[in-house]
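# What the coordinates show
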Amino acid sequence: MTDDLGLRFEELLVDLKGNGRYQWITIFLVLLPTFFACSFISSGWLFVIATPDDFFCHIPLNQSNGTSVAFTSEEKKRLLPPGNDGELHSKCELYSVDYSALLQNFGSIREMEAYFNATNASSTPRTACSSWEFDKTVYQDTITTDWDLVCTARDFLPTLAYIIGSIGVMIGTPLGGYAADRFGRKPTYFAFLALQVVFGAATVAAPRAHYGYYVFLTLYTIHSVSVNPIYLVPSTLGLEIITPDCRATFLVLLTLAYTAGAVAFTGIAYALRSWRPMVLATILPFTLYGMFWFVLPESPRWLLLKGRSKEFNVYLRKMAKINRVEWSESLEGKASQLCIDARGVSHSSLSNVNESSHDATYSYLDLFRGPRIRRHTILMLIMSIVVQVLNRFSCSQFFALLFMYQLVCLFFVCRH
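Residues numbered from 1 in each chain as written. Predicted model: local features only at pLDDT ≥ 70, side-chain atom pairs only at ≥ 80, totals over all residues. Heavy atoms only, no water.

### Here's the deal with the overall build of the protein chain
- When helices and strands are tallied, the protein chain shows 17 helices and four strands.
- For the protein chain, buried positions account for 43% of its 416 residues.
- Summed over all atoms, the accessible surface of the protein chain reaches about 21800 Å², with 62% contributed by carbon and sulfur. (Helix = DSSP H or I, 4+ residues; strand = E, 2+ residues; numbered from the N terminus. Buried < 20%, exposed > 50% of the residue type's maximum accessible area, 1.4 Å probe, protein only. Areas by Shrake-Rupley, 256 points an atom, 1.4 Å probe, with all protein chains shown as cover.)

### Focus: helix α9 (residues 212-224)
- Helix length check: α9, at 13 residues, gives a terminal C-alpha distance of 18 Å against a target of 18 Å (1.5 Å per residue), a fit within 8%.
- If you check which residues of α9 are buried, you get Gly212, Tyr213, Phe216, Leu217, Leu219, Tyr220, His223 and Ser224.
- Looking at the packing, one finds that the buried side of α9 touches α2 (21-48), α6 (143-146), α7 (157-183), α8 (185-204) and α12 (275-288). (Expected span 1.5 Å × (residues − 1). Contact = heavy atoms within 4.5 Å.)

### Here we look at the packing of aromatic side chains
- All chains considered together, the criterion is met by 22 aromatic pairs.
- Where Phe55 meets Phe134, the ring centres are 5.7 Å apart and the plane angle is 40°; that geometry is what we call tilted. Linking Phe55 in strand β1 (residues 55-57) with Phe134 in strand β4 (residues 132-134), this pair joins segments that are 79 residues apart in sequence.
- Where Phe286 meets Tyr289, the ring centres are 5.8 Å apart and the plane angle is 85°; that geometry is what we call edge-to-face.
- An aromatic cluster of at least three residues, connected via ring pairs, comprises Trp45, Trp147, Tyr213, Tyr214, Phe216, Tyr220 and Trp275.
- Sitting over the face of the ring of Phe55, Lys91 holds its NZ or CZ atom 4.9 Å from the ring centroid. (Phe/Tyr/Trp six-rings, centres within 6.5 Å; stacked < 30°, edge-to-face > 60°. Lys NZ or Arg CZ within 6 Å of the ring centre and 35° of its normal.)

### Digging into the packing of α2 against α12
- Two numbers describe how α2 lies on α12: the axes approach to 9 Å, and their chain directions differ by 165°. Relative to α12, α2 is oriented roughly antiparallel. You can see that α2 and α12 cross each other, and the crossing is left-handed. From α2, Thr34, Ala37, Cys38, Phe40, Ile41, Gly44, Trp45, Phe47 and Val48 reach across to α12, where they touch Trp275, Met278, Val279, Ala281, Thr282, Pro285 and Phe286.
- Here the contact of α2 with α12 is built from residues that sort into 13 nonpolar, three polar and no charged. (Axes fitted to C-alpha atoms, helices over the stretch in contact; angles between N-to-C directions. Parallel < 35°, antiparallel > 145°, perpendicular 65-115°, else oblique. Left-handed = near helix turned anticlockwise from the far one by under 90°. Nonpolar A, V, L, I, M, F, W, Y, C, P; charged D, E, K, R; others polar.)

### Overview of the environment of Trp147
- Within the element layout of this structure, Trp147 appears in the loop between α6 and α7.
- Residue Trp147 is classed as buried on the basis of its relative accessible area of 4%.
- The sequence separation of Trp147 and Ser131 amounts to 16 residues, and the corresponding C-alpha distance is 9.2 Å.
- Beyond its immediate sequence surroundings of up to four residues, Trp147 is in contact with Arg154, Ala206, Pro207, Arg208, Ala209, Gly212, Tyr213, Phe216, Trp275 and Arg276.
- Only 3.1 Å separates the side chain of Trp147 from the backbone oxygen of Pro207, close enough to count as a polar contact. (Polar contact = N/O pair within 3.5 Å; in protein donor to acceptor, adjacent residues only side chain to side chain.)

### Thoughts on the side chain of Thr188
- With respect to the element layout, Thr188 can be found in helix α8.
- Polar side-chain contacts of Thr188 include one of 3.0 Å to the backbone oxygen of Ala179.
- One polar contact links the side chain of Thr188 to the main-chain amide nitrogen of Ala180, over a distance of 3.3 Å.
- Excluding its chain neighbours within four sequence positions, the residues that come into contact with Thr188 are Gly176, Ala179, Ala180, Phe183 and Val233.

### Topic: the state of the cysteines
- For the structure shown, the criterion picks out two disulfides.
- The residue that forms a disulfide with Cys57 is Cys129, at a sulfur-sulfur distance of 1.4 Å. Of the two residues, Cys57 is situated in strand β1 and Cys129 in the loop between β3 (126-128) and β4; the sequence distance between them amounts to 72 residues.
- For Cys129, a relative accessible area of 10% gives the class buried.
- When the bonded cysteines of the protein chain are counted from the start of the sequence, the pairing works out to 1-3, 2-4. (Disulfide = S-S within 2.5 Å.)

### Focus: the pattern of salt bridges
- Applying the stated criterion across every chain, the model contains 14 salt bridges.
- The partner of Arg308 in a salt bridge is Glu311, and the shortest N-O contact between them spans 2.7 Å.
- For Arg308, a relative accessible area of 33% puts it in the partly exposed group.
- Salt bridges sharing partners connect three or more residues here, namely Glu10, Arg247 and Arg301. (Salt bridge = Lys/Arg side-chain N within 4 Å of Asp/Glu carboxyl O.)

As structure tokens, then:
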């Protein structure tokens, strides 16, 4: 949209009370609930890929008739070799002995422990664990506990899931932007919403067999493509239906809704403590948001630029009615002239592009040329890298960094 056309559209928004009842009903009842739930996704996956602090090798302890013997976790740990760095027990190794035979010979855990203490533990052969038991004080289960993603090369796999998911998010951002400009804000939002729900639910059905992790990883990557579009498209739509003087307020509300959702999900995670119900909890709101199809508007700017004059005028009349503005001949004339001029811009845009394409080329280096855009680009890169790296290891760090990020956003909104 050219500067002149954009200014005239914003003047028309002011005439229609573009900060009136229609805008705030749409923002509070449709858009802000969306932003509130968007934070469930980024918050939820931190719990999904978490590794419990305490875990140990599963020790096969069977009686002579083949039935397993129930012992407490603390009793089992006493039968393991000492760990490194002062750990009381190894998390990745156990003695290379027949534990069931020793149990039958000695008859009790105490006698077996005395046997290991009497022998030279450092000289007793060890073997790598093939399965593990995990402390369930904090998490009932995560992808780490479901697929034993600990020790040796497998302890990197939860982080790999996070990295691959982040790549999916990066892919989704330009896809969402292109689709929103090509097909409209509304259909793009609901298309990615469907992708979010379908593949989110599919990850829950990943089998517990050893190959289940790779099924999960594939489904999670596709699911991650939808993360940014379902956040960016509604935020763009919100900015396009309100007057310029209210946009900073809208961004502040968006930020508060997103942060409130992130905090609220910690309570949901505390109540559930299991990764599959948690994933369902992240997508449940978006399943309900499918009903927003009937109330979510299309962007009036997009309708104007695409030459959809009839829909554009219907939208403006609806806005005027809800904002209690009389649809006068003056407003009708301004809207009609905008549609005529927008069609002229659309018809001339291709020739303008062809004429200027030989004179100017752009690349990512242009993000660093001017002092203002360079400062913003570097700041966003630093904050994104810090959040992406550190939130893998600590939920408290994640929420602290998220809060810092929101403060920085608010600072630049208020300043610029």
